[in-house]
Amino acid sequence: MIIDNLEYNTEREKLIIPEYGRHLQKMINHTVSIKDKEERNKVARSIIAVMGNLQPHLRDVPEFQHKLWDQLFIMSDFKLDVEAPFPILTKEKLQERPEPLEYPQNFPKYRFYGNNIKRMIDVANKWEEGELKTALLYTIANHMKKCYLNWNKDTVDDSVIFDHLFELSDGRINLIGSKEDLTDSSNLMRGKKKKSSGGSKKSYRSRGKKRY
């Protein structure tokens, strides 16, 4: 009876990369069992072509080709002995833990300033002393103040910003005790307030419109 030949999903072999389907997995399993190496290489290249045809816009991209070969070895449970145009992926290599990435910001406790501030400070440190550099330093300090206020704060003393600037510049920029004030907090946040109030007005108008 036909019903005797039915396969239940629970009885089937688990697919390593389900996107390629069961038939391709069976082709790879068969290739592993081929004794003739030349024939294995030929069949493996055919399987790569089939895998590439599933995404034709990427099949000729070298990086994508490398990915396909890696997937082929993964789906064979690293048992496939064939020649590949790329370094052969091993189980040990796949299971290696990546090196931890360093946090790009040297002062993670001041993340609210963003990485661009550190870059601006590095640029300012290379400028010659003079009016232009002084103007740049206060521009950076004002931007830092705005970033600080955006970080859920209503106000901040200029001395706090100057202290942070001194620390972020490794002590090379010292505006501590400066007699020149930074831009007032209310002026720095004025644009933000206008934007939020404008949004409220727009939503108020849309509530009054009729829908048809």
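Engineer: So, the overall build of the chain: which residues are in play, and what are the values?
Structural biologist: Per the secondary structure count, the chain includes nine helices and zero strands. The N-to-C order of helical and strand elements in the chain reads α-α-α-α-α-α-α-α-α. Out of the 212 residues belonging to the chain, those deemed buried represent 30%. For the chain, the proportion of contacts with a sequence separation of at least 24, taken over those separated by at least 6, is 49%. Carbon and sulfur atoms make up 51% of the accessible area of the chain, which amounts to about 16100 Å² in all.

Engineer: Outline the environment of Lys14, supporting the account with residue identities and numerical values.
Structural biologist: The topology assignment puts Lys14 in the segment before helix H1 (21-33). Between the C-alpha atoms of Lys14 and Gln25, which are eleven residues apart in sequence, the distance is 9.8 Å.

Engineer: Outline helix H6 (residues 131-150), supporting the account with residue identities and numerical values.
Structural biologist: Spanning 20 residues, H6 covers 29 Å between terminal C-alpha atoms, matching the ideal 28 Å at 1.5 Å per step. Within the span of H6, buried status applies to Lys133, Leu136, Leu137, Tyr138, Ile140, Ala141, Asn142, Met144, Lys145, Cys147, Tyr148 and Leu149. Positioned one or two residues after H6, Asn152 has a phi angle of 60°, which is positive.

Engineer: How would you explain the environment of Leu80 if you had to name every residue and give the values?
Structural biologist: On the secondary structure map, Leu80 appears in the loop between helix H3 (62-75) and helix H4 (91-95). According to the relative accessible area criterion, Leu80 is buried, its value standing at 7%. Along the chain, Leu80 and His30 lie 50 residues apart, while their C-alpha atoms are 10.0 Å from each other.

Engineer: Go over unusual backbone geometry with me, naming the residues and quoting the values.
Structural biologist: With phi around 60°, Asp77 is a residue other than glycine that occupies positive phi space. As for its placement among the helices and strands, Asp77 is situated in the loop between H3 and H4. Judged by its relative accessible area of 34%, Asp77 is partly exposed. Unusually for a residue other than glycine, Phe78 sits at a positive phi of about 60°.

Engineer: If you had to explain the packing of H1 against helix H2 (residues 37-53) to someone new, which residues and values would you point to?
Structural biologist: Each pair of packed helices can be summarised by the angle the axes make with each other and by the distance between the axes. Between H1 and H2, whose axes approach to 10 Å, the crossing angle comes to 165°. Of the possible angle classes, the one that applies to H1 and H2 is roughly antiparallel. Where H1 crosses over H2, the two elements pack in a sense that is left-handed. Two secondary-structure elements touch here, H1 through Leu24, Met27, Ile28, Thr31 and Val32 and H2 through Arg40, Val43, Ala44, Ile47, Val50 and Met51. Of the residues that constitute the contact of H1 with H2, the class distribution is nine nonpolar, one polar and one charged.

Engineer: So what's going on with the pattern of salt bridges? Which residues, and what values?
Structural biologist: For the structure on display, the rule yields seven salt bridges. A salt bridge links Glu96 to Lys93; the nearest nitrogen and oxygen atoms lie 3.6 Å apart. The partner of Asp122 in a salt bridge is Lys118, with the nearest N and O atoms 3.2 Å apart. With a gap of four residues between them, Asp122 and Lys118 both fall in helix H5 (residues 115-126), about one helical turn apart. Accessibility expressed as a relative area gives 33% for Asp122, which makes it partly exposed. Via salt bridges that share partners, Asp77, Lys79 and Lys91 belong to a single interconnected network.

Engineer: Requested: an account of the environment of Ser186, with residues and values cited.
Structural biologist: Along the chain, Ser186 falls in helix H8 (residues 185-188). Here the side chain of Ser186 touches Asp184 through a polar contact of 2.3 Å, side chain to side chain.

Engineer: I'd like a description of a nonpolar patch on the surface, backed by residues and values.
Structural biologist: A contiguous nonpolar surface patch, about 320 Å² in accessible area, is contributed by Val123, Trp127 and Leu132. By the secondary structure assignment, Leu132 is in helix H6.

Parameters at a glance
- Residues numbered from 1 in each chain as written.
- Predicted model: local features only at pLDDT ≥ 70, side-chain atom pairs only at ≥ 80, totals over all residues.
- Heavy atoms only, no water.
- Helix = DSSP H or I, 4+ residues; strand = E, 2+ residues; numbered from the N terminus.
- Buried < 20%, exposed > 50% of the residue type's maximum accessible area, 1.4 Å probe, protein only.
- Contact = heavy atoms within 4.5 Å.
- Areas by Shrake-Rupley, 256 points an atom, 1.4 Å probe, with all protein chains shown as cover.
- Expected span 1.5 Å × (residues − 1).
- Axes fitted to C-alpha atoms, helices over the stretch in contact; angles between N-to-C directions.
- Parallel < 35°, antiparallel > 145°, perpendicular 65-115°, else oblique.
- Left-handed = near helix turned anticlockwise from the far one by under 90°.
- Nonpolar A, V, L, I, M, F, W, Y, C, P; charged D, E, K, R; others polar.
- Salt bridge = Lys/Arg side-chain N within 4 Å of Asp/Glu carboxyl O.
- Polar contact = N/O pair within 3.5 Å; in protein donor to acceptor, adjacent residues only side chain to side chain.
- Patch = residues over 30% accessible without salt bridge, like charges linked within 9 Å, V, L, I, M, F, W, Y side chains within 5 Å.

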